[in-house]
Amino acid sequence: MTVGTNSAPGVAAAAEERFRDAPEPPAAAADGLCGVPPQAVDSARARGAGPAARPARADRTAAGAPGTGFGPGYAVDPDCLPDGLVVADDTGRVVCFNAAAARITALAPEQALGAPIDRALPLEDLEGRRWWALTDPYGGLATRRGQPERNLLLPGGREVLVSASYIRTHPTGPVRRLVVTLRGTEARRRTERSHAELIATVAHELRSPLTSVKGFTATLLAKWERFTDDQKRLMLETVDADANRVTRLIAELLDISRIDSGRLEVRRQPVDIATAVGRHVQALTANGQEPERFLVSISRPLPDLWADPDKIDQILGNLLENAVRHGEGTVTIGVSPHEKGTAVTVSDEGPGIPEESMARVFTRFWRGSKRGGTGLGLYIVKGIVEAHGGTITVGRGPGGGAEFRFILPVSAPAYLTQ
């Protein structure tokens with residue numbers, strides 16, 4: 001059994017496994033449950049909660065106390081769980097209210113313990129209907145085993161993710177324990193915003209080249225004979241460049257998907273990093289950059305580098321293109337041995353990156369200027385470097401501009417690491 005993950009249904013399932021056959025222990029075993037001091041339990045009893053408010057040891061073992069599969073003497077207190085955990089007994093009174101639940105609901109455990117579940121958690125759905133009246137865990141269908149995770153509202157309109165599990169002594173028996181898990185919605189909101197930004201960026205970046213491709217091809221098809229050969233060549237070259245732009249964007253999206261899911265494959269082969277740097281510099285000079293703008297420094301001997309050559313080209317191409325496009329002055333590329341492997345530095349003499357922005361350089365959609373780009377390149381570069389087991393940092397170079405430095409560790413070929 002796994003306990004302590006960020007999955008709210010997983011916590012409920014863990015509780016269900018422990019509660020189903022757990023015997024009722026003596027009252028003395030309950031004190032201090034969920035990090036709540038015995039005085040709080042006594043206070044709950046004094047308010048008239050009665051024996052039903054007494055926490056049972058089964059509630060604690062549901063969250064990972066001894067006997068949960070972790071081994072003798074190993075216990076996980078419910079207060080250590082990342083999700084809110086609320087447990088009610090067979091009368092509907094709260095017997096466990098952990099620290100995460102207190103944080104999410106802004107209700108002290110002492111106030112919740114012994115109270116009816118619908119009073120401790122006055123939840124409403126997004127249409128303002130009382131959730132406990134709708135679900136009726138104790139009087140509803142006897143075959144129901146719980147409620148799937150859904151968005152509900154706490155008093156004040158705060159939104160939380162709630163799931164519930166009904167623990168019965170047998171499949172159609174009465175509910176013996178009601179286990180409710182709570183999670184905040186902030187992380188999900190951030191993920192949704194990130195996905196929305198990605199879709200908007202991709203749509204914007206695709207619209208321009210596809211409009212150009214469509215316009216030129218439609219014009220050529222309709223008026224082919226009216227254009228000279230030079231005009232046709234110019235149009236076709238533009239279409240080819242825009243098609244390459246679309247292809248690069250699709251490749252970036254695939255890389256992001258693999259990085260986010262941990263499926264980015266690295267096929268290690270011998271790589272001559274010095275030759276790779278020279279090849280990229282030659283490509284930039286062939287595209288119109290002055291050869292004097294580049295200064296390459298190689299400190300030999302270099303250790304053997306086993307890496308994915310295509311992905312190393314992707315790293316170098318992105319860093320050098322950024323230095324040329326967004327930087328100024330001389331672009332310096334340094335390659336040197338490092339105690340962990342090989343270090344590569346790319347710096348320029350431009351305005352550099354503001355200090356307050358350096359923490360966001362390797363995040364999605366960060367742009368150093370308004371000179372185009374998707375803002376995904378450095379995010380992908382960081383993912384590729386880390387997939388090789390390396391590290392990448394950004395700082396201010398000797399010339400005042402941005403300096404990127406990545407280190408690739410000594411490794412082994414792909415056929416030895418599979």
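In what follows, the structure referred to is the one given above.
Residues numbered from 1 in each chain as written. Predicted model: local features only at pLDDT ≥ 70, side-chain atom pairs only at ≥ 80, totals over all residues. Heavy atoms only, no water.

## So, helix 9 (residues 229-261)
Here is step 1 of the chain: Compared with an ideal rise of 1.5 Å per residue, which puts 33 residues at 48 Å, helix 9 spans 48 Å between its outermost C-alpha atoms and is within 8% of the ideal.
Here is step 2 of the chain: On its buried face, helix 9 sits against helix 8 (186-223), helix 11 (309-326) and helix 12 (377-387). (Helix = DSSP H or I, 4+ residues; strand = E, 2+ residues; numbered from the N terminus. Expected span 1.5 Å × (residues − 1). Contact = heavy atoms within 4.5 Å.)

## Comments concerning the pattern of salt bridges
Here is step 1 of the chain: A complete count under the given rule lists 9 salt bridges for this structure.
Here is step 2 of the chain: Among the ionic pairs, Asp308 bridges to Lys311, the shortest N-O distance being 3.6 Å. You'll find Asp308 and Lys311 in the same group, each marked buried. (Salt bridge = Lys/Arg side-chain N within 4 Å of Asp/Glu carboxyl O. Buried < 20%, exposed > 50% of the residue type's maximum accessible area, 1.4 Å probe, protein only.)

## A closer look at the sheet that holds strand 10 (residues 341-347)
Here is step 1 of the chain: Ordered in space as 7-9-10-12-11, the 5 strands form an open sheet in which the pairing is mixed. Where the open sheet ends on each side, the last strands, each with one partner, are strand 7 (294-298) and strand 11 (391-396). Between one strand and the next, the sheet's axes are offset by a mean angle of 15°, whatever the strand orientation.
Here is step 2 of the chain: Running over the sheet, helix 10 (residues 273-286) touches strand 7, strand 9 (331-338) and strand 10 and is turned about 175° from strand 7.
Here is step 3 of the chain: In the packing of helix 11 onto the sheet, the strands contacted are strand 7, strand 9, strand 10 and strand 12 (402-409), and the crossing angle to strand 12 comes to about 170°. (Pairing = 2+ DSSP bridges. Axes fitted to C-alpha atoms, helices over the stretch in contact; angles between N-to-C directions.)

## Focus: the packing of helix 10 against helix 11
Here is step 1 of the chain: Here helix 10 crosses helix 11 at 45°, and the two axes come no closer than 10 Å. Viewed along their axes, helix 10 and helix 11 adopt a mutual orientation that is oblique. The handedness of the crossing between helix 10 and helix 11 comes out as right-handed. Where helix 10 abuts helix 11, its residues Ile273, Ala276, Val277, Arg279, His280 and Leu284 lie against Ile312, Asp313, Leu316, Gly317, Leu320 and Val324.
Here is step 2 of the chain: Tallied by class, the residues present in the contact of helix 10 with helix 11 amount to 8 nonpolar, 2 polar and 2 charged. (Parallel < 35°, antiparallel > 145°, perpendicular 65-115°, else oblique. Left-handed = near helix turned anticlockwise from the far one by under 90°. Nonpolar A, V, L, I, M, F, W, Y, C, P; charged D, E, K, R; others polar.)

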